[in-house]
Each structure stands twice: as C-alpha cells, then as structure tokens.
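Examining the three-dimensional arrangement
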Amino acid sequence: DGAALTFSVAVTVPAELDLSGLSLAVGCTVADVLDPAAERMRLKWPNDLFLDGAKLGGILIETTPLPDGERGVVIGIGLNLRPLPASADRSAFASGHAALQALDPTATPAAVLDRLAPALAALLADFATLGFGPWQAGFARRDLTAGRRVTVGEHAGTARGVSLRGELLLDTDHGLIPCSGGELSLRLETSP
C-alpha cells in the first residue's frame, strides 16, 4: 500500500571480512541519499534511522557461513514512507513514528528504492576493501546520541561517538568502554 519500503540486499563476501560498523555505514548511505544536507535525519547506534526526532526506520544485518571461505550477508532495510493514520495506536511506537514523506512528499517505494540501490551497491563495494573507517565522520555528523546519557546493555554513561570499527564509545565511571553491536541495544536516558 506504499506506507513503507522494506527490502533486502544479499551479497557474498570473504569470510574473514570484518563487518563491524556495516549497519552504521548502511545508515549513513541511506541518510546521505535521502537527506544530503544532514539537516533532519539522524542515526542511532547501532541500526536506527530517525527523522525530526522520531524513528523513520531500521537496518538489520544477518550473516551465514558459505562454502569456499565465503560468507553470505543479508542487509534488511525498512523505512516508513507515509504518516500513521490519525486513528492508529501510537503506543507501539516508543521512539515515535516518522515518515519519509515529511521530508520528500513525492516518496514512493519504487522511487526511494531507485535512489538507494546504486548508493548501496557502491557502499558494499567500498566496504569490502575499506571497512567502516570512511563512514566514521559521516556517522558523527548524524549521531543522535553524541554527548547524551545512554544505557547500553548493563552499562550507563555518555555516548562519545564511534570508533573506527563502529563500536559505540561509552564514557562511564570506569572509563571509556567500546560497545559492539550484536545483541546490545541503546536506550536514551530521559532528563530528570
């Protein structure tokens, strides 16, 4: 019905390729295509896209071992295109609900996919040889949580950006802790 765009990209990579930060690089690429001036889209480590302070979409990466020293990688991307109907139950949207049509009223699933596909193909080619490093600065300019109090897993602290491998750098009472994605999620702490 055009309310959302969900799609997956599957690639084969060498098994030894370090995929750390891939979800962040994908997020940067999507945001750069849809909001090149970086005025309204932000990224929440490790895999969420926000528009005007509400969740626009997310990225999920899954891998599977393949024969001959290779690994299959499936990148799933979901983006809200249309606003929720006025009658919708918003209680299921703890991070809010943003719609790409607030940024681009002409956004349709086909048009957005046509814009994203070449950029994602270029990203995957570059990531295979360069890793996350080239996207670190791009993530920093869109980092939703930089300088804010957050909780990651059992650790609370202040978000201090990401490392060259895409790890969240969490400034805690015990020093700076690098946090990897995987099963960890990040919660913004509310101000008292």
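In this report, the structure presented in the accompanying data block is examined.

Looking now at the overall build of the protein. In terms of regular secondary structure, the protein is built from 3 helices and 10 strands. Radius of gyration (C-alpha) of the protein: 17 Å, near the 16 Å computed for a compact globule of 192 residues. Once the C-alpha set of the protein is aligned to its principal axes, its extents read approximately 50 × 45 × 30 Å. Restricting to contacts in the protein with at least 6 residues of sequence separation, those with at least 24 account for 60%. For the protein, the exposed surface amounts to about 9,900 Å²; the carbon and sulfur share of it is 54%.

The subject of this paragraph is helix 2 (residues 109-130). Compared with the 32 Å implied by 1.5 Å per residue over 22 residues, the 30 Å span of helix 2 between its first and last C-alpha is a close match. Leu-116 marks where helix 2 bends most, by close to 30°; the proline Pro-118 follows one to four residues later. For helix 2, the complete set of buried residues consists of Val-112, Leu-116, Leu-120, Leu-123, Leu-124 and Phe-127. Against strand 1 (4-14), helix 1 (22-34) and strand 5 (70-80) lie the buried residues of helix 2. Downstream of helix 2 by a residue or two, Gly-131 has a phi angle that is positive, lying close to 70°.

Within an α-helix, residues lying three or four positions from one another point in the same direction, as the helix has 3.6 residues per turn. Its 13 residues place the ends of helix 1 18 Å apart at the C-alpha level, agreeing with the 18 Å of an ideal helix rising 1.5 Å per residue. Of all 13 residues in helix 1, 12 are buried; the element is thus mostly enclosed.

Reading guide: rules and limits
Residues numbered from 1 in each chain as written. Predicted model: local features only at pLDDT ≥ 70, side-chain atom pairs only at ≥ 80, totals over all residues. Heavy atoms only, no water. Helix = DSSP H or I, 4+ residues; strand = E, 2+ residues; numbered from the N terminus. Rg over C-alpha atoms; globule rule 2.2 N^0.38 Å. Contact = heavy atoms within 4.5 Å. Areas by Shrake-Rupley, 256 points an atom, 1.4 Å probe, with all protein chains shown as cover. Expected span 1.5 Å × (residues − 1). Bend = angle between axes of the 7 residues up to and from the residue. Buried < 20%, exposed > 50% of the residue type's maximum accessible area, 1.4 Å probe, protein only.

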